[in-house]
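Working through the structure, step by step
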Amino acid sequence: MSTTTMPAGTKWWSGGRSPFNASYGKVMMWYFLMSDAFTFGAFLISYGTIRFSVNNWADPNHVFNAFPFAGHANLPLAFVSLMTFILIASSVTMVLAVHEGHNMNRKGVEKYMILTIIGGIAFLSCQAWEWTHLITGDHAVLVNGQVEHWGTTVAKNPWGPEVLHNGQAIATPGPIAFGGYFFGITGFHGFHVFSGVVINIIMYIKTKMGHFDQRGHYEMIEKAGLYWHFVDLVWVFVFLCFYLI
Amino acid sequence: MSAHVSSPEITFHPEHSGSTKKIWRTFWILSLLTIIELVIGLVIYNIHKGENPNATLVLAFKGMVCILTMAKAYYIVSIFMHLGDEVRNLIMTIVVPLVLFVWFIIAFLSDGNSWKNLRNTNAGSKPYTEQKVEHKAPAAVEQGDKK
């Protein structure tokens with residue numbers, strides 16, 4: 001905490017100044033993000049509750065082992081680590097944009113906002129590919145003694161425990177909740193990424209038009225940055241809950 | 001050099017250093033933590049591939065990943081979101097409500113676990129047996145095949 005410039009003995013709560021030393025908009029952005037954290041937390045904890053209550057759950061290393069253009073190669077965690085690094089990198093460009101904003105450097109803000117937007121679009125494209133791959137994927141499942149081919153959807157989970165069928169190991173249907181939680185939570189996160197990209201594009205246009213130079217500060221970039229970093233923060237937990245454990 | 005928000009409610013502006021060294025250092029820390037997480041993920045994958053996965057070991061590795069994730073969350077919020085540079089009042093008004101998550105996680109996960117116990121003991125009427133589907137066919141499925 002940089003307390004160097006803090007006036008000693010400031011009476012924060014006696015009126016006339018923000019007790020949080022921040023503008024109304026920034027404080028409200030923080031409160032919104034805190035409430036959003038509770039929403040995501042409720043989703044993830046509900047997922048955890050269901051997962052704790054069943055004996056079998058899909059092994060993420062089997063479900064998420066594909067990579068674009070790699071055919072049927074078994075590459076556990078590879079694609080999702082790419083997505084994670086894309087999001088971390090776009091977080092860095094966002095914080096650099098905020099930094100340039102503090103220095104009132106419009107060209108710098110523009111450059112880093114563009115990079116952040118590209119990172120966001122890249123992440124969304126990755127997620128679109130991953131969803132398509134899961135939904136259209138074909139997996140042999142033994143249902144009532146018959147072999148069926150299922151994709152992963154909110155209604156079908158082909159990732160249950162394996163049994164022997166005619167001398168070959170074949171999966172059985174897994175807990176139906178898997179698809180609902182996976183698509184629900186990553187979809188809600190993806191929607192946040194999408195709205196973050198839209199907000200960042202608006203901020204880029206406003207920067208380009210010189211609105212923040214006229215205003216004399218780049219606080220809007222800071223607030224958009226808070227939202228964007230929150231999206232990255234949520235992904236850290238989604239990554240943990242769905243792909244790692 | 002620093003832009004000042006012209007608002008009378010703001011008492012002072014946190015010092016924003018001119019260099020981006022701290023940002024890049026945080027980037028490398030986050031990358032390193034992610035790589036360690038991935039390595040642990042692959043270790044768990046290899047333990048699962050073995051004949052008899054050691055449940056305690058897997059749990060220990062999963063716990064390590066959770067701790068690393070908390071560290072990543074700290075760095076993102078504190079450095080990237082600049083919460084660490086704000087005054088104590090703002091930090092507390094955001095962080096203190098999040099303590100509810102401690103209760104939230106303990107209560108709900110133990111609720112899930114209790115459901116599992118009810119399932120596996122038929123609501124307490126038989127000894128705990130986890131219906132594990134091993135890599136061999138249950139008798140019922142094989143009979144179904146022959147028909």
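The residue numbering used here restarts from 1 in each chain and proceeds along that chain's sequence as written. By the order in which they are written, chains take letters starting at A while ligands take numbers starting at 1. Only residues with pLDDT of at least 70 are given local features in this predicted model, and only at 80 or more are side-chain atom pairs given and counted; all residues enter the totals for whole chains, interfaces and linings. Excluding hydrogens and water, the side-chain figures rest on all heavy atoms present in the structure.

1. A word on the overall build of chain B
Looking only at helices and strands, chain B has five helices and zero strands in total. A run of H or I in DSSP becomes a helix once it reaches four residues, and a run of E becomes a strand once it reaches two; helices and strands are each numbered from the N terminus. Taken from N to C terminus, the helices and strands of chain B fall in the order α-α-α-α-α. The classification of residues rests on relative accessible area computed with a 1.4 Å probe and restricted to protein chains. Under 20% of the type maximum is buried, over 50% is exposed, and intermediate values are partly exposed. In chain B, buried positions account for 35% of the 147 residues. In chain B, the proportion of contacts linking residues at least 24 apart, taken out of those at least 6 apart, comes to 46%. As displayed, chain B offers around 9300 Å² of accessible surface, 65% of which is attributable to carbon and sulfur atoms. Whether two residues are in contact is decided by their heavy atoms: any pair within 4.5 Å suffices. Here, Shrake-Rupley sampling with a 1.4 Å probe gives the accessible areas, and only protein chains in the shown set may cover a residue.

2. Some details on the overall build of chain A
A tally of regular secondary structure across chain A gives seven helices and four strands. Each helix and strand of chain A, ordered N terminal to C terminal, gives the series α-α-α-α-β-β-β-β-α-α-α. Against the compact-globule benchmark of 18 Å for 245 residues, chain A has a radius of gyration of 23 Å, which places it well outside the compact range. Considered along the principal axes of its C-alpha atoms, chain A spans approximately 75 × 40 × 25 Å. Among the 245 residues that make up chain A, the fraction classed as buried is 57%. Nonlocal contacts in chain A, meaning residues at least 24 apart in sequence, comprise 64% of its contacts between residues at least 6 apart. For chain A, the centre of its 12 positive side-chain charges and the centre of its 12 negative side-chain charges are spaced 17 Å apart. Put simply, the radius of gyration uses C-alpha atoms, and a globule should come to 2.2 Å times the residue count raised to 0.38. Only four residue types enter the tally: Lys and Arg on the positive side, Asp and Glu on the negative side, with His and both chain ends excluded. Where a charge lies is defined by one atom per residue type: Lys uses NZ, Arg uses CZ, Asp uses CG and Glu uses CD.

3. Some words on the pattern of salt bridges
All names here are of chain A. We define a salt bridge as a contact between a side-chain nitrogen of Lys or Arg and a carboxyl oxygen of Asp or Glu at a distance within 4 Å. Counted under the stated rule, the structure contains eight salt bridges over all chains. Here Glu110 and Lys107 are joined by a salt bridge, their closest N and O atoms 3.5 Å apart. Remark: Lys107 and Glu110 occur in helix H4 (residues 106-136); sequence separation between them is three residues, near one turn of the helix.

4. Points about the packing of aromatic side chains
The rule is short: rings of Phe, Tyr and Trp, with Trp giving its six-membered ring, pair when the centres are within 6.5 Å, and they are stacked under 30 degrees, edge-to-face over 60, tilted in between. Per the stated rule, a full pass over the model turns up 32 aromatic pairs over all chains. Summarising the aromatic geometry, the rings of A:Tyr47 and A:Trp57 are spaced 5.9 Å apart at their centres and angled 70 degrees between planes, so their arrangement reads as edge-to-face. Here the residue A:Tyr47 occupies a position in helix H1 (residues 24-53), and A:Trp57 occupies one in the loop between H1 and helix H2 (60-63), the gap between them amounting to ten residues. The two residues A:Tyr47 and A:Trp57 agree in class, both being buried. Ring plane angle 70 degrees and centroid distance 5.5 Å describe the contact between B:Tyr74 and B:Tyr75, whose orientation is recorded as edge-to-face.

5. Overview of the nonpolar core
Counting 90 residues, the largest nonpolar core has A:Met113, A:Ile221, A:Phe230, A:Trp235, A:Phe242, A:Tyr243 and B:Leu90 as its most contacted members. A per-element tally of this core places helix H7 (residues 219-244) of chain A first, with 18 residues. The term nonpolar core refers to a set of buried residues drawn from Ala, Val, Leu, Ile, Met, Phe, Trp, Tyr and Cys, joined through side-chain atoms within 4.5 Å.

6. Focus: the interface of chain B and chain A
Counting residues at the interface gives 80 residues for chain B, matched by 79 residues for chain A. Here the quantity called buried area is the accessible surface, traced with a 1.4 Å probe, that two parts lose on coming together, added over both. Contact between chain B and chain A buries roughly 6800 Å² in total, counting both sides, with carbon and sulfur atoms accounting for 69%. Summed over the three residues of chain B that lose the most area to chain A, namely B:Phe12, B:Tyr45 and B:Met81, the buried surface amounts to 10% of that side. Scanning the region where chain B abuts chain A turns up one salt bridge.

7. Focus on helix H3 (residues 88-98) of chain B
Those residues of H3(B) that fall on the buried side of the exposure criterion are B:Asn89, B:Leu90, B:Ile91, B:Thr93 and B:Ile94. Summarising the contacts, the buried residues of H3(B) are in contact with H1 of chain A.

8. Topic: the pairing of strand E1 (residues 139-143) of chain A
Residues and elements named next belong to chain A. Only strands that DSSP links by at least two bridges are regarded as paired with each other. Sheet topology note: the E1/strand E2 (residues 146-150) ladder contains five bridges and is antiparallel. By the bridge assignment for E2, His139 is matched with Trp150. Hairpin remark: E1 followed by E2, antiparallel, with two residues in the connecting loop; positive phi at Asn144, about 50 degrees.

9. Re unusual backbone geometry
Residue and element names in this part refer to chain B. Although it is not a glycine, His82 sits at a positive phi angle of roughly 60 degrees. Within the secondary structure, His82 is located in the loop between helix H2 (55-80) and H3. Given a relative accessible area of 18%, His82 falls into the buried group. Of note, Ala123 is a non-glycine position whose phi angle comes to about 55 degrees, a positive value. As for its position among the elements, Ala123 is in the loop between helix H4 (100-120) and helix H5 (139-146).

10. Focus: a nonpolar patch on the surface
Residue and element names in this part refer to chain A. The patches described consist of residues with a relative accessible area above 30% and no salt bridge, like charges being joined within 9 Å and nonpolar side chains (Val, Leu, Ile, Met, Phe, Trp, Tyr) within 5 Å. Together, Phe191, Phe194, Val198 and Ile202 make up a nonpolar patch on the protein surface, roughly 380 Å² of accessible area in all. For Phe194, the location among the structural elements is in helix H5 (residues 177-208). Residue Phe194 is classed as partly exposed on the basis of its relative accessible area, which comes to 47%.

11. Considerations on the environment of B:Val87
Residue and element names in this part refer to chain B. Assignment of secondary structure puts Val87 in the loop between H2 and H3. Under the relative-accessibility criterion, Val87 is labelled buried at 4%. It is 11 Å that separates the C-alpha atoms of Val87 and Ile10, two residues lying 77 residues apart in sequence.

12. Digging into the state of the cysteines
Put simply, a disulfide is two cysteine sulfurs that come within 2.5 Å. In total, this model carries zero disulfides over all chains according to the counting rule given. Just so you know, B:Cys66 is unpaired, no disulfide at all, and the nearest cysteine sulfur is the one on A:Cys241, 7.3 Å from it.

13. A short note on the confidence of the model for chain B
Averaged over all residues, the pLDDT of chain B equals 83, while 82% of them reach at least 70. Think of pLDDT as the predictor's per-residue confidence, scored from 0 to 100. Note on residues 134-147 of chain B: pLDDT is under 50 here. Beyond four places in sequence and across chains, it has 13 contacts.

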